[in-house]
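# Coordinate analysis (summary)
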Amino acid sequence: MINFQEELKHFQPSLDVDDIEKAIAGIDLTDMNDIMMQVMENSVNGEKRN
């Protein structure tokens, strides 16, 4: 049987939504779309230089 008092001792509240947003916004995440956009920009800029 589950001992709720014992389980409550181990409980740790999750982060608040605002805290999560700040943590995520502070991380520089580069996804595949960002990489492809950079490759395309470099390609276009390289063609203009030649």
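Structure's up top.
Report on the accompanying structure. All values derive from a computational prediction rather than experimental measurement.

### So, the overall build of the chain
- Looking only at helices and strands, the chain has three helices and zero strands in total.
- Computed over its C-alpha atoms, the radius of gyration of the chain comes to 23 Å, more than 25% above the 10 Å expected for a compact globule of 50 residues.
- Expressed along its principal axes, the backbone C-alpha trace of the chain runs to roughly 75 × 25 × 10 Å.
- Here the chain, with 50 residues, has 0% of them falling under the buried criterion.
- For the chain, the accessible surface area stands at approximately 5300 Å², while carbon and sulfur atoms represent 57% of it.
- Each charge class in the chain can be summarised by its mean position, and for the 4 positive and 11 negative side chains these summaries are 8 Å apart.

### Here we look at a nonpolar patch on the surface
- Nonpolar side chains collect at one region of the surface, where Leu15, Ile20, Ile24, Ile27 and Leu29 lie side by side and expose about 500 Å² of accessible area between them.
- Looking at the secondary structure, you find leucine 29 in the loop between α2 (17–25) and α3 (32–49).

### Let's talk about a negative patch on the surface
- Residues Asp16, Asp18, Asp19 and Glu21 make up a contiguous surface patch of negative charge.
- Among the structural elements, aspartate 16 can be located in the loop between α1 (4–9) and α2.

### Observations concerning the pattern of salt bridges
- Tallying each qualifying case throughout the model produces one salt bridge.
- Among the ionic pairs, lysine 9 bridges to glutamate 6, the shortest N-O distance being 3.7 Å. Taken together, the positions of lysine 9 and glutamate 6, both in helix α1 and three residues apart, correspond to about one turn of that helix.
- Exposure remark for lysine 9: the relative accessible area of 64% places this residue in the exposed category.

### Quick notes on the environment of phenylalanine 11
- By the element assignment, phenylalanine 11 lies in the loop between α1 and α2.
- Note on phenylalanine 11: relative accessible area 57%, which makes it exposed.
- With 34 residues separating them in the primary sequence, phenylalanine 11 and asparagine 45 have C-alpha atoms 55 Å apart.

Calculation notes
Residues numbered from 1 in each chain as written. Predicted model: local features only at pLDDT ≥ 70, side-chain atom pairs only at ≥ 80, totals over all residues. Heavy atoms only, no water. Helix = DSSP H or I, 4+ residues; strand = E, 2+ residues; numbered from the N terminus. Rg over C-alpha atoms; globule rule 2.2 N^0.38 Å. Buried < 20%, exposed > 50% of the residue type's maximum accessible area, 1.4 Å probe, protein only. Areas by Shrake-Rupley, 256 points an atom, 1.4 Å probe, with all protein chains shown as cover. Lys, Arg positive; Asp, Glu negative; His and termini not counted. Charge placed at Lys NZ, Arg CZ, Asp CG, Glu CD. Patch = residues over 30% accessible without salt bridge, like charges linked within 9 Å, V, L, I, M, F, W, Y side chains within 5 Å. Salt bridge = Lys/Arg side-chain N within 4 Å of Asp/Glu carboxyl O.

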